[in-house]
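Summary of structural features
Here is what each chain is made of, one letter per residue.
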Amino acid sequence: MSTPAFQTGHVALNVTDLARSTSFYGTVFGFEVMAERTDGDRRFALLGRDGTLVVALWQQSGGTFVTDRPGLHHLSFQVPDIEAVRRSEAVLKDLGVEFAYDGIVPHGEGAASGGVFFTDPDGIRLEIYAPTGADLAPAPVQGAPTCGFF
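An account of the accompanying structure is given in this report. The structure presented is a predicted model; accordingly, all values stated were derived computationally and were not measured.

So, the layout of surface pockets
The volume enclosed by the largest pocket comes to roughly 370 Å³. Secondary-structure elements contributing two or more residues to the lining of the largest pocket are α1 (18-29), β4 (52-59) and β5 (75-78). Considering every element that reaches the lining of the largest pocket, the biggest residue donor is β4, with three residues. Here the residues of the lining of the largest pocket sort into nine nonpolar, seven polar and one charged. Roughly 150 Å³ of volume is contained in the second largest pocket.

This is the structure we're talking about:
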């Protein structure tokens with residue numbers, strides 16, 4: 001019996017304010033609300049594109065994302081090219097998002113891939129990157145991948 005070829009189906013995130021997070025992920029990533037419940041004690045939004053679920057948001061937490069505990073490190077989204085990263089960066093700047101590094105940076109020393117690294121309204125670390133075109137800037141971290149958010 002062979003092992004099946006696994007791929008990520010969707011990612012589910014706990015958020016503190018469903019409306020705020022739904023708006024953020026819709027604006028930044030262009031996700032559409034596929035289903036949601038915005039009242040009661042079981043609030044959620046299923047977000048996707050072209051009928052495919054990508055992110056599920058669950059309003060089940062308080063506080064902010066804790067980076068020094070086991071669990072999610074960061075969530076990464078690939079786009080086709082560096083121009084798409086630049087467009088996303090402009091949207092993020094308009095939203096006043098906090099970036100981990102200044103501008104588009106490569107994934108590491110000598111890497112052509114790279115992008116922007118930032119946090120969502122709950123402090124969840126996110127990345128939007130392209131496979132090539134980020135090698136025009138120096139890597140902000142020496143000896144480790146940029147996506148380590150060091």
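That shown, we press on.
Looking at the sheet that holds strand β2 (residues 32-37)
Strand order in the open sheet formed by four strands is β1-β4-β3-β2, and the pairing between neighbours is mixed. With partners counted over all chains shown, the strands left at the sheet margins are β1 (11-15) and β2, one partner each. Mean inter-strand twist for the sheet, computed between neighbouring axes without regard to direction, equals 20 degrees. Direction of pairing for β2 relative to strand β3 (residues 44-49): antiparallel, over a ladder of five bridges. By the bridge assignment, Glu 36 is partnered in β3 with Ala 45. In the packing of α1 onto the sheet, contacts are made with β1, β2, β3 and β4, and the angle to β3 comes to roughly 5 degrees.

Cut-offs used in this document
Residues numbered from 1 in each chain as written. Predicted model: local features only at pLDDT ≥ 70, side-chain atom pairs only at ≥ 80, totals over all residues. Heavy atoms only, no water. 1 Å grid on protein atoms, 1.4 Å probe; cavity = no way out; pocket = protein on both sides within 12 Å on 5 of 7 lines; lining within 4 Å. Points joined across faces, edges and corners; volume = space filled by probe spheres on them. Helix = DSSP H or I, 4+ residues; strand = E, 2+ residues; numbered from the N terminus. Nonpolar A, V, L, I, M, F, W, Y, C, P; charged D, E, K, R; others polar. Pairing = 2+ DSSP bridges. Axes fitted to C-alpha atoms, helices over the stretch in contact; angles between N-to-C directions. Contact = heavy atoms within 4.5 Å.

Honestly, it's all geometry; don't read function into it.
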